[in-house]
Amino acid sequence: MEASLSFGFVRIVCAVPVAPLHESRTVIGCDLGVNTLIAATDGTTAIVVSGREAKAIVQYRNKQFASAESKLSRCKQGSRRQKKLARRKYKMLAKCGRKIKDITHKATAAVARAFPGARAYVGEPFNDAAAKMNRRTAQQVSQVCTGKIIAQLGYKMAGVERVCEAYSSQACPACGCRRKCRRVYRCRNPRCGLVAPRDVVGSANIRGIGLNGRLLPGQPMPSTIVFVRPLRKYRGGGQPPPRSSGGTPASSSVLMQFDTRSPVARG
């Protein structure tokens, strides 16, 4: 298209056809939340990563930050006590930030190990919904680390694409009936009767939105659900001890079987 000679160098500009990227055969949908950090499914198997530890760390950080700010407001500007409290506050914030980063890395690594080389559709995080909630719930929703999780999934998997997740946790993947539920979704359609964790329902619908472009009924539901808890690191890099203490369990996952068939199919 263009050639130029400048200072002993020949510069050639031409059009090079780009080879199409290899499409991954596995496509998963990921639903991000507060109590459940990540819920991912490929239509057959689902993995649910608990977010209780991350939620507790955020609550601890907020309480300690409020206490530190209250003490700093009563100190004299430039005093030794003010500098000491400021150092303590920033040290606490840095430590909590490292814990959150570690938990998100472990959660995304669990999803990447369960679905290697998969292409993921993630619900677009929206904080506008926090305006309709109470103060405590709004704080939890607005401070959840969805941006970090999406960024980490982007380079640990084949790719991540954000889609609108409106009504994904309220619509039944099988019949499309909408209903608000808490942690377990129970379809009110008597011919369907789907019972499954709400986060798994949301991930199945997000996968359908990514594949079809909109929310449609008849989406496949996983029959196997694995619950994973991101564990703390152990000294020496070895395996967890046979007995756990301090809230760190010896087993990190629980396998559960769900019958997602309709009452007519069950016979």
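Structural notes, computed from the coordinates. (Residues numbered from 1 in each chain as written. Predicted model: local features only at pLDDT ≥ 70, side-chain atom pairs only at ≥ 80, totals over all residues. Heavy atoms only, no water.)

## Quick notes on empty space enclosed by the protein
In this approach the atoms are scanned with a rolling probe the size of a water molecule, which exposes any empty space left behind. Evaluated as defined, the whole model comprises one cavity of 30 Å³ or more. Roughly 100 Å³ of internal volume is contained in the largest cavity. Across the lining of the largest cavity, the residue classes tally to six nonpolar, four polar and one charged. (1 Å grid on protein atoms, 1.4 Å probe; cavity = no way out; pocket = protein on both sides within 12 Å on 5 of 7 lines; lining within 4 Å. Points joined across faces, edges and corners; volume = space filled by probe spheres on them. Nonpolar A, V, L, I, M, F, W, Y, C, P; charged D, E, K, R; others polar.)

## Digging into the packing of aromatic side chains
The tally for this structure, following the rule as stated, stands at zero aromatic pairs. The lysine or arginine in question, lysine 89, covers the ring of tyrosine 90, its NZ or CZ lying 4.6 Å from the ring centre. (Phe/Tyr/Trp six-rings, centres within 6.5 Å; stacked < 30°, edge-to-face > 60°. Lys NZ or Arg CZ within 6 Å of the ring centre and 35° of its normal.)

## Comments concerning helix H1 (residues 52–73)
Across its 22 residues, H1 extends 32 Å between first and last C-alpha, which sits within 8% of the 32 Å expected from 1.5 Å per residue. When H1 is considered as a whole, its buried residues turn out to be Ala54, Ile57, Val58, Asn62, Ala68 and Leu72. Buried residues of H1, viewed axially, fall in a sector of 140°; they line one side. (Helix = DSSP H or I, 4+ residues; strand = E, 2+ residues; numbered from the N terminus. Expected span 1.5 Å × (residues − 1). Buried < 20%, exposed > 50% of the residue type's maximum accessible area, 1.4 Å probe, protein only. Arc of directions from axis to C-beta.)

## A few points about the nonpolar core
Ranked by size, the top nonpolar core spans 28 residues in total, and within it Ile28, Cys30, Ile38, Ile47, Val111, Phe115 and Met157 carry the most contacts. Breaking this core down by element, the ones donating at least two residues are strand S3 (27–32), strand S4 (36–41), strand S5 (45–50), H1, helix H2 (80–114), strand S6 (119–123) and helix H4 (146–156). Of all the elements, H2 adds the most residues to this core, at seven residues. Discounting residues that sit within four places of it in the chain, methionine 157 has contacts with Ile28, Val111, Phe115, Ala118 and Ala120. Within the second largest apolar cluster, 16 residues are counted, among which are Val48, Cys181, Tyr185 and Ala196. (Core = buried A, V, L, I, M, F, W, Y, C linked by side-chain atoms within 4.5 Å. Contact = heavy atoms within 4.5 Å.)

## Considering the environment of isoleucine 225
Looking at where isoleucine 225 falls in the secondary structure, it is placed in strand S10 (residues 224–228). Isoleucine 225 gets classed as buried once you look at its relative accessible area, which sits at 1%.

## Description of a positive patch on the surface
A surface patch of positive charge is lined by Lys71, Arg74, Arg81, Lys83, Lys84, Arg87 and Arg88. Of the residues forming the positive patch, the biggest block, five residues, is contributed by H2. Mapped onto the secondary structure, arginine 88 falls in helix H2. (Patch = residues over 30% accessible without salt bridge, like charges linked within 9 Å, V, L, I, M, F, W, Y side chains within 5 Å. Areas by Shrake-Rupley, 256 points an atom, 1.4 Å probe, with all protein chains shown as cover. Salt bridge = Lys/Arg side-chain N within 4 Å of Asp/Glu carboxyl O. Lys, Arg positive; Asp, Glu negative; His and termini not counted. Charge placed at Lys NZ, Arg CZ, Asp CG, Glu CD.)

## Notes on the pattern of salt bridges
Two side chains with opposite charge may pair up if their charged atoms get near one another. Enumeration over the complete set of coordinates arrives at four salt bridges. The salt bridge involving arginine 162 is made with glutamate 124; its shortest N-O contact spans 3.5 Å. Taken as a pair, arginine 162 in strand S7 (residues 159–163) and glutamate 124 in the loop between S6 and helix H3 (135–142) lie far apart in primary sequence, 38 residues in all. What makes arginine 162 partly exposed here is its relative accessible area of 43%. Taking relative accessible area as the criterion, glutamate 124 reaches 32% and is therefore assigned partly exposed. In this structure, arginine 183 engages aspartate 199 in a salt bridge whose closest nitrogen and oxygen atoms are separated by 2.7 Å. Within this pair, whereas arginine 183 is found in the loop between S7 and strand S8 (184–186), its partner aspartate 199 is found in helix H5 (residues 198–212), the two being separated by 16 residues in sequence. Under the relative-accessibility criterion, arginine 183 is labelled partly exposed at 34%.

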